[in-house]
Amino acid sequence: MTGGRLPCDIDELRTLFLFEKLTDEQLDWICRNGHVELIEPGPVFREGEPATCFYVLVEGSLVLTRRIGDDDVEVTRTDQRGVYAGAWFAYLGDRVPQQYTNSMRVTSPSRFVVLDGVALAQLMREWFPMAVHMLEGLFFGLQNLQQQTGQRERLLALGSLSAGLTHELNNPAAAAVRATASLRERVAGMRHKLGLIAAGPYDRPALEALIALQEEAAERVGKAPTLTPMETSDREDSISDWLDDQGIAGGWQLAPTFVQAGFDVDWLERVAGTVPPQILEGAVRWLMYTVESELLMKEIEDSTNRISGLLAATKQYSQLDRAPYRQADVHELLDSTLAMLGAKLAGVRIVREYDRALPEIPVHAAELNQVWTNLIDNAAAAMGGAGTLTVVTAADHDDLVVEIRDSGPGVPADIRDRIFEPFFTTKPVGEGTGLGLDISWRIVVNRHHGNLTVTSVPGDTRFRVSLPIRPDVTSPPAPAVEAAEQG
């Protein structure tokens, strides 16, 4: 809302850092070709509109926001005299779209020096021709570099996740294939044994008893207890000895399968007491086929469940079926990311210290997954694939806090304030672009109005992400470290 035009005072203009080195003639030119305007609280310009004017704050306060998806994300809130916004790319002419790249509103009555975009372009070309050439080179060079390295960062992350997911899917898939082939052999053996039973000396009561034992054996497989290695070895020896005592050949081969299924000598004694001695070996081997078949079907079930779980984690990670901004449980997001990075974390001990009482919070879930990916991937790289990764969630006043801790060598103090800068990386050439932490910082701070910090000593590095439980879009985002502030 415009409050009206005011006199333009060159002495006051000289107090603004943007104009302090200009001559009286140049300041007079600005007053003649521009004007000072009082603007009441409210919107001044909106993102995407034609960029017609360049604004320099003389007095007051302003807020800049950027439209990302369906949300207006605050990027700057300031009352610093001399800050500027608007058509400041006018000097690039028609080589870039002359549109406002963000929206501006003022929060208190504010005075601005206002220059028409055409006048600003003329000023830049006539007064600072060399600077214009350098700014053009910097602008287009940085734009190309960001596009190329940003694409490479995404491809590196995608390649890493694809390799990890392929590895994770391959293991249960191969196990299911092996178990299916073995199951086919066992079923063929059962058909053969069934033929022998049908032709053998089995009367009806003996067959009924054998079938009842078969049903009980199948049920016991699903309830098999977990044994220690010592308990397993002792039970295998006992069963093997019992089978030998009964004259059943190859007891040492049968015993491990019976133990895995949860059988013991007492249960085998029940079998011996149920069927006639002359058919005991046939009964035991028939039950063996039953047990092996059940164990193989359980292995196939476990493998296919693992595949389904990985696909569900992939869907959760990518948020393919979710709204971009929604209420989410951060624990689900963290767990899906850990599953996606399972191959990279194969030698790492993972400790989850979750506060399950934390509420769901409104977030851009897919983007937060990118944050977790960057932080966890960096932690794994720092530890060299061996160590302890601790993921902690907790409440801190009005914030939900996620800490990613690793037991690696730590971040040296002399570079700690630079790690959130764009293109800064400690990785060897070809292994990183230096955008991962910068992107993470922007997602946390600019997109979610949270904070991302790091503390580090050898053996204990902690990246701390703070997210507001009840976001207040009117409050300015807190900087992580001073060197990381981005425009």
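Residues numbered from 1 in each chain as written. Predicted model: local features only at pLDDT ≥ 70, side-chain atom pairs only at ≥ 80, totals over all residues. Heavy atoms only, no water.

J.: Can you lay out the overall build of the protein chain for me, pointing to particular residues and giving the numbers?
T.: Looking only at helices and strands, the protein chain features twelve helices and 16 strands. Burial status across the protein chain gives 42% buried among its 487 residues. For the protein chain, contacts bridging at least 24 residues in sequence account for 76% of all contacts bridging at least 6. Accessible area for the protein chain stands at about 25,000 Å²; split by element, carbon and sulfur atoms hold 54% of it. (Helix = DSSP H or I, 4+ residues; strand = E, 2+ residues; numbered from the N terminus. Buried < 20%, exposed > 50% of the residue type's maximum accessible area, 1.4 Å probe, protein only. Contact = heavy atoms within 4.5 Å. Areas by Shrake-Rupley, 256 points an atom, 1.4 Å probe, with all protein chains shown as cover.)

J.: Go over the pairing of strand E15 (residues 451–457) with me, naming the residues and quoting the values.
T.: Of the pairings in the sheet, the one linking E15 to strand E16 (residues 460–468) comprises seven bridges and is antiparallel in character. Bridge pairing links Leu 452 to Val 465 in E16. Here E15 folds back onto E16, and the loop between the two strands holds two residues, one of which, Gly 459, carries a positive phi near 90 degrees. (Pairing = 2+ DSSP bridges.)

J.: How would you explain the sheet that holds E16 if you had to name every residue and give the values?
T.: The strand order E11-E13-E14-E16-E15 describes an open sheet built from five strands, whose pairing is mixed. Edge strands, defined here as strands with exactly one partner in the open sheet, are strand E11 (348–353) and E15. In this sheet, neighbouring strand axes are inclined to one another by 15 degrees on average, regardless of whether the strands run parallel or antiparallel. As paired strands, strand E13 (residues 387–396) and strand E14 (residues 399–406) are joined by eight bridges and run antiparallel to one another. Residue pairing for E14: Val 392 is matched across the bridge by Glu 403. Running over the sheet, helix H10 (residues 330–340) touches E11, E13 and E14 and is turned about 165 degrees from E13. Along the sheet face, helix H11 (residues 365–383) touches E11, E13, E14, E15 and E16 and points at about 25 degrees away from the line of E14. (Axes fitted to C-alpha atoms, helices over the stretch in contact; angles between N-to-C directions.)

J.: Could you give an account of the confidence of the model for the protein chain, with specific residues and numbers?
T.: Per-chain confidence: the protein chain averages 78 in pLDDT, with 77% of residues scoring 70 or above. Residue range residues 428–434 is modelled with pLDDT below 50. Its contacts to residues more than four positions away, or to other chains, number 15 contacts. (pLDDT = per-residue confidence, 0-100.)

J.: Talk me through the packing of helix H6 (residues 229–245) against helix H7 (residues 251–260); I want residue IDs and the actual numbers.
T.: Orientation of H6 relative to H7, taken along the N-to-C sense of each, is 130 degrees, at an axis distance of 8 Å. Looking at the two axes, H6 sits oblique to H7. Relative to H7, the crossing made by H6 is right-handed. Counting all contacts with H6, which are made through Thr 232, Arg 235, Glu 236, Ile 239, Ser 240, Leu 243 and Asp 244, the residues of H7 involved are Gly 251, Trp 252, Leu 254, Ala 255, Pro 256, Phe 258 and Val 259. For the contact of H6 with H7, the class distribution of residues is eight nonpolar, three polar and three charged. (Parallel < 35°, antiparallel > 145°, perpendicular 65-115°, else oblique. Left-handed = near helix turned anticlockwise from the far one by under 90°. Nonpolar A, V, L, I, M, F, W, Y, C, P; charged D, E, K, R; others polar.)

J.: Help me get a handle on the nonpolar core, residues and values and all.
T.: One finds Trp 372, Leu 389 and Val 465 to be the most contacted residues of the largest nonpolar core, which totals 41 residues. Counting residues per element, the ones that place at least two in this core are H10, strand E12 (361–363), H11, E13, E14, helix H12 (436–447), E15 and E16. The leading source of residues in this core is H11, at nine residues. For Trp 372, the contacting residues outside a window of four places in its chain are Leu 333, Leu 334, Thr 337, Val 402 and Val 465. (Core = buried A, V, L, I, M, F, W, Y, C linked by side-chain atoms within 4.5 Å.)

J.: Quick rundown of the state of the cysteines? Include the residues and the values.
T.: Here, disulfide denotes a covalent bond that connects the sulfur atoms of two cysteines. Overall, the coordinates contain one disulfide when judged by the stated rule. Two residues share a disulfide in this structure: Cys 8 and Cys 31, whose sulfurs sit 2.0 Å from each other. Taking the sign of the S-S torsion, -65 degrees for the link of Cys 8 and Cys 31, the bridge is left-handed. Here Cys 8, found in the loop between strand E1 (2–6) and helix H1 (10–13), pairs with Cys 31, found in helix H2 (residues 24–33); they are 23 residues apart in sequence, far enough to count as distant. Cys 8 sits in the partly exposed class, given a relative accessible area of 26%. In this structure Cys 31 comes out as buried when scored by relative accessible area, which is 17%. (Disulfide = S-S within 2.5 Å.)

J.: Which residues make up unusual backbone geometry, and what values go with them?
T.: Positive phi outside glycine occurs at His 397, with the angle close to 55 degrees. Of note in this structure, His 449 is not a glycine but carries a positive phi near 55 degrees. Among the secondary structure elements, His 449 is positioned in the loop between H12 and E15.

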